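Chain residues, written in single-letter form:
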Amino acid sequence: MNLSNTQYFKVETDNNVGVKQILESVYNSLKEKGYNPVNQIVGYIMSGDPTFITSYNGARSLIMKVERDELVEELLKEYIKNEAWKDV
């Protein structure tokens, strides 16, 4: 491995999955159950432990259909878009 060169990371997404819709559904399910959705989703992304996500409304099964790096990518893209950065 050559550490002097920038490595490229490309995530291939499945358009049928709808990462944004999954995040929205999971967020809403967590909120309805009285959890802090941001904390719970971050806990899941950082640890990979699905018990951070409630099984209410099938939220746990739903979020496990998406790779964690895809969740991070979607969140970052939305953050950049909302901050009006130019590359997205």
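Let us look at the structure shown here. (Residues numbered from 1 in each chain as written. Predicted model: local features only at pLDDT ≥ 70, side-chain atom pairs only at ≥ 80, totals over all residues. Heavy atoms only, no water.)

Helix and strand counts for the protein chain come out as four helices and zero strands. In sequence order, the secondary structure elements of the protein chain are arranged as α-α-α-α. Buried residues in the protein chain amount to 26% of all 88 residues. Within the protein chain, counting contacts between residues at least 6 apart in sequence, those at least 24 apart form 49% of the total. (Helix = DSSP H or I, 4+ residues; strand = E, 2+ residues; numbered from the N terminus. Buried < 20%, exposed > 50% of the residue type's maximum accessible area, 1.4 Å probe, protein only. Contact = heavy atoms within 4.5 Å.)

There is a patch of nonpolar side chains on the surface, built from Y27, V38, V42 and M46 and spanning about 400 Å² of accessible area. Looking at V42, the relative accessible area reads 44%, which means it is partly exposed. (Patch = residues over 30% accessible without salt bridge, like charges linked within 9 Å, V, L, I, M, F, W, Y side chains within 5 Å. Areas by Shrake-Rupley, 256 points an atom, 1.4 Å probe, with all protein chains shown as cover. Salt bridge = Lys/Arg side-chain N within 4 Å of Asp/Glu carboxyl O.)

Attention now moves to unusual backbone geometry. One non-glycine residue, N57, lies in positive phi territory at about 60°. Within the fold, N57 resides in the loop between α2 (37–47) and α3 (59–63). Overall, N57 belongs to the exposed group, its relative accessible area being 52%.

Between helix α1 (residues 19–32) and α2, whose axes approach to 9 Å, the crossing angle comes to 125°. Here α1 is positioned oblique relative to α2, judged by the angle of their axes. Crossing of α1 over α2 shows right-handed handedness. Where α1 approaches α2, its residues L23, V26, Y27, L30 and K31 are matched on the opposing element by P37, V38, Q40 and I41. In the contact of α1 with α2, the residues fall into seven nonpolar, one polar and one charged. (Axes fitted to C-alpha atoms, helices over the stretch in contact; angles between N-to-C directions. Parallel < 35°, antiparallel > 145°, perpendicular 65-115°, else oblique. Left-handed = near helix turned anticlockwise from the far one by under 90°. Nonpolar A, V, L, I, M, F, W, Y, C, P; charged D, E, K, R; others polar.)

For helix α4 (residues 68–82), spanning 15 residues, the distance from its first C-alpha to its last is 21 Å, which sits close to the expected 21 Å at 1.5 Å a residue. The elements touched by buried residues of α4 are α1, α2 and α3. A84 sits one or two positions beyond α4 and adopts a positive phi of about 60°. (Expected span 1.5 Å × (residues − 1).)

Aromatic ring pairs are reported here in terms of the distance separating the ring centres and the angle at which the planes meet. One pass over the structure, following the stated rule, counts zero aromatic pairs. Here the guanidinium or amino end of K33 rests over the ring plane of Y56, the centre of that ring lying 5.1 Å away. (Phe/Tyr/Trp six-rings, centres within 6.5 Å; stacked < 30°, edge-to-face > 60°. Lys NZ or Arg CZ within 6 Å of the ring centre and 35° of its normal.)

Don't take any of this as a statement about function, it's just geometry.
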